[in-house]
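Here is what each chain is made of, one letter per residue.
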Amino acid sequence: MYKLKKQFLAGPYFIWMIGFILLPLAFILYYALTTADGAFTFSNIAAIADPVHVKSIVLSLKLGAICTLVCLVLAYPLCMILSSFRFRHQSFVVFLFILPMWMNFMLRILAWRLLLSNNGIVNSILAAVGIGHIKMLNTQTAVVFGMVYDFLPFMILPIYNSMVRIKPETLEAARDLGAGSFTVLVKIIFPLTLSGIISGVIMVFVPALTSFVISDLLGGGKVLLIGNVIEQEFMQGTNWHLGSGLSVVLMLFVIASMALMNVFDKDGGGTAVW
Amino acid sequence: MKKFYMLSLPLAAALFLGGCRGTADAADADSNTLVVLNYGKYLEPSVIEQFEEETGIKIKLEEYESPEEMYTKFTAGSISYDVVCTSDYMVERLISEGEVSPIDFSGFSNYQNLNPDILEASRIFDPENQYSMPYFYGTLGILYNTTMVSQEETQSWNILWDDTYRDSIIMQNSVRDTFVPALRLLGYDINTEDDRELTDALALLIEQKPIVYAYYVDETADEMAAGNAAMALVYSGEAAYAMELNDDLSYSVPKEGSNLWIDSWFIPKRCTHRENAEKFLDFLCREDVAMANFEYVCYASPNQKVVDALDEEVKNDPTIFPPDEILENCTVYKQLGIDTTERYSYLWKTLKSE
């Protein structure tokens, strides 16, 4: 009786899962494997080999990788500082890093567009101090910048969580046994935070790989990521079959990158953080 | 009317309100009314009062923002509209879907006021001029900042390929509009379905891409008003909006020619007050009414009587009325075949991925 009740409580989520996860996936697969007449085909999947699509997926992988790397380089030292210094209001400082996530990410990206535009605030300041005018908006750099800005908290949180879990005694023991700061970092802190790093990398790389809004807003329509191609097929080209086919390929890339990460994540603690 | 389309919120509100009002309209469908569907702010309010006073017909005005929104409202069928105004390609689509009924112009007393050239241009989407009546028209051209670009320079599409304006040119983020300058520079028809001609145009656009600031749609007017770019490829309606915001802006249509857009009225098949609808359309062609609407909207009027009555200065203002020699090179978009549409979509991706 108790068991049945428990299963009953899972009912709402079960309906949610069927309606909003399984059914849409089934539709995408159906569209991906059919032509407009409903005949079976692999051509929508094979379309990824088209030079235009190859170019955009390579660009997506490149920008996603750069974004992930920048986030990691920014987040890791920051987390070390946050976790090693025991100052007052420490949780408030962490909270400050998460605070931007409370605002709609589109609004934050739109704000950056105003800041970076030709006559924007950043350029006005640069001109005032005599550096002159720099073209920033509508470049690949601006897109990476927007991605880093948006996804950085996803890198900070898992790394920070894994860092505060390291017991101070562990570090003290290492030092007692004669390890220098560098050795402690490489031999103790890094292995113990690896699961957090992997979790952060996935949390940043996957949305960066699939994003299309950021590249549209900060790329000025000049940066074509694979997400933009899919969006165009659905919204402008109205070829849902090709759009679904490319979506399936993109999903495979996402699954592959997560599987790759799991190989390194031996203790399986990475995703458990979230 | 190619104005900028504010997304989501107003649209959702309009759909919601429209849906609510629908039931009320159905109740008094038999009374002496006329349900009009038009773009927002596209009909002088006093004209409606005047029509109601003169004929005793009560007008119910419904408004929308974009042709696609119009299509959704129209096909939803909760309100039976008696007369609708929308853009050329949407009229063509609804004609091909069999939703439009022919208008009996023989009973009109003011139809001959309309400019025959515009009626001729309308034949692209309405070959017999039997389904639609032009209301306003305009062009696709260059909106430019007079502090950065001179008027003479904007007489040719070549200016959009000029390296001195690197990073201050805005193109349209929609494939057909952006192909227009390239096709016209090469001397091709903007409705071409020839693959070689489209490929040539693509090569030209790829060459242009490094100097383009951005491909925008809704943002263009605001970016130009903010002075973030020197030139933008825009519709005259959007240009008028931007020029209201910033006095330094002006508009010009290059001599090679461009796209001509025509907003037209049509009477749906499901219309329940046909006689009233035809009375209303005839009324709109009357000189004083058309003049009142022109002064309210400020787009090029196809009413010859109105144009003749205007001051020389307004009549010759190229930002409102495209000069005849340019209009000769302008064409209305034709709906393309599926193959060409797919080809366009692919060429667009190729351009964007360069």
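Residues numbered from 1 in each chain as written. Chains lettered and ligands numbered in written order. Predicted model: local features only at pLDDT ≥ 70, side-chain atom pairs only at ≥ 80, totals over all residues. Heavy atoms only, no water.

What about the overall build of chain A?
Helices and strands together make up the secondary structure of chain A, namely 13 helices and zero strands. The order of helices and strands in chain A, counted from the N terminus, is α-α-α-α-α-α-α-α-α-α-α-α-α. For the C-alpha atoms alone, the extent of chain A along its principal axes is close to 75 × 75 × 35 Å. Relative to its 274 residues, chain A shows a buried fraction of 39%. When contacts within chain A are restricted to residue pairs at least 6 apart in sequence, long-range pairs at least 24 apart make up 70% of them. With the model as given, the accessible surface of chain A reaches about 15,400 Å², and the carbon-plus-sulfur share is 75%. (Helix = DSSP H or I, 4+ residues; strand = E, 2+ residues; numbered from the N terminus. Buried < 20%, exposed > 50% of the residue type's maximum accessible area, 1.4 Å probe, protein only. Contact = heavy atoms within 4.5 Å. Areas by Shrake-Rupley, 256 points an atom, 1.4 Å probe, with all protein chains shown as cover.)

Some remarks on the overall build of chain B
For chain B, the count of helices and strands is 15 helices and 10 strands. Relative to a compact globule of 354 residues, whose C-alpha radius of gyration would be 20 Å, chain B shows 21 Å and is just as compact. Overall, chain B is about 65 × 45 × 40 Å in size when its C-alpha atoms are taken along their principal axes. The 354 residues of chain B split such that 57% are buried. Of the accessible surface of chain B, which amounts to about 14,200 Å², a share of 51% is contributed by carbon and sulfur atoms. With 26 positive and 63 negative side-chain charges, chain B shows a separation of 5 Å between the mean positions of the two kinds. (Rg over C-alpha atoms; globule rule 2.2 N^0.38 Å. Lys, Arg positive; Asp, Glu negative; His and termini not counted. Charge placed at Lys NZ, Arg CZ, Asp CG, Glu CD.)

Some remarks on the environment of B:Gln172
All names here are of chain B. Tracing the backbone through its elements, the reader meets Gln 172 in strand 6 (residues 169–172). Owing to a relative accessible area of 3%, Gln 172 belongs among the buried residues under this scheme. Expressed as a C-alpha distance, the spacing of Gln 172 and Leu 233, which sit 61 residues apart in the sequence, is 6.1 Å. The residues contacting Gln 172, other than those within four sequence positions of it, are Asp 177, Thr 178, Tyr 215, Tyr 216, Val 217, Leu 233, Val 234, Tyr 235, Glu 238 and Trp 348.

What to know about the interface of chain B and chain A
Across the contact, 23 residues belong to chain B and 22 residues belong to chain A. Together, the buried faces of chain B and chain A total about 2,000 Å²; carbon and sulfur atoms form 40% of this surface. Considering only the side of chain B, the residues that lose the most area to chain A are B:Tyr213, B:Lys349 and B:Ser353, jointly responsible for 30% of the buried surface there. Inspection of the chain B/chain A interface yields four salt bridges. When the shortest N-O distance is used, the salt bridge between B:Glu219 and A:Arg113 registers 3.4 Å. Summed over the shared surface of chain B and chain A, the number is 17 residue pairs in polar contact (both at pLDDT 80 or more). When contributions to the side of chain B that touches chain A are tallied by element, the ones reaching two or more residues are strand 7 (212–216) and helix 15 (338–353) of chain B. Classifying every residue of the side of chain B that touches chain A gives nine nonpolar, six polar and eight charged. (Buried area = accessible area lost by both parts, 1.4 Å probe. Salt bridge = Lys/Arg side-chain N within 4 Å of Asp/Glu carboxyl O. Polar contact = N/O pair within 3.5 Å; in protein donor to acceptor, adjacent residues only side chain to side chain. Nonpolar A, V, L, I, M, F, W, Y, C, P; charged D, E, K, R; others polar.)

Here's the deal with the nonpolar core
Counting residues in each nonpolar core, the largest one holds 159 residues, and the members touching the most others are B:Met133, B:Phe179, B:Trp265, B:Phe280, B:Leu281 and B:Leu284. Per-element tally for this core: the top contributor is helix 8 (residues 140–164) of chain A, with 13 residues. Mapped onto the domain boundaries, this core takes at least three residues apiece from domain 1 (9–137 + 260–323) and domain 2 (140–259 + 330–353) of chain B. Apart from the residues within four sequence positions on either side, B:Leu284 is in contact with B:Leu43, B:Val47, B:Met133, B:Tyr135, B:Trp265, B:Val289, B:Ala290, B:Asn293 and B:Asn303. If you look at the next biggest cluster of nonpolar residues, it comprises 17 residues, including A:Phe205, A:Leu224, A:Val249 and A:Val254. (Core = buried A, V, L, I, M, F, W, Y, C linked by side-chain atoms within 4.5 Å. Domains from an automatic or database assignment.)

Structural notes on a negative patch on the surface
Residue and element names in this part refer to chain B. A contiguous patch of negative charge on the surface is contributed by Asp 117, Asp 324, Glu 325 and Glu 328. Assignment of secondary structure puts Asp 117 in helix 5 (residues 116–122). In this structure Asp 117 comes out as exposed when scored by relative accessible area, which is 51%. (Patch = residues over 30% accessible without salt bridge, like charges linked within 9 Å, V, L, I, M, F, W, Y side chains within 5 Å.)

Comments concerning the layout of surface pockets
Residues and elements named next belong to chain B. When its volume is computed, the second largest pocket comes out at roughly 510 Å³. Looking at the second largest pocket, it is lined by 20 residues, and the ones nearest its centre are Asn 115, Asp 117, Pro 322, Asp 324 and Leu 327. For the lining of the second largest pocket, the secondary structure elements donating two or more residues are helix 5, helix 12 (304–309) and helix 14 (324–327). Looking at which element gives the most residues to the lining of the second largest pocket, the answer is helix 5, with four residues. Considering only residue class, the lining of the second largest pocket consists of 11 nonpolar, four polar and five charged. (1 Å grid on protein atoms, 1.4 Å probe; cavity = no way out; pocket = protein on both sides within 12 Å on 5 of 7 lines; lining within 4 Å. Points joined across faces, edges and corners; volume = space filled by probe spheres on them.)

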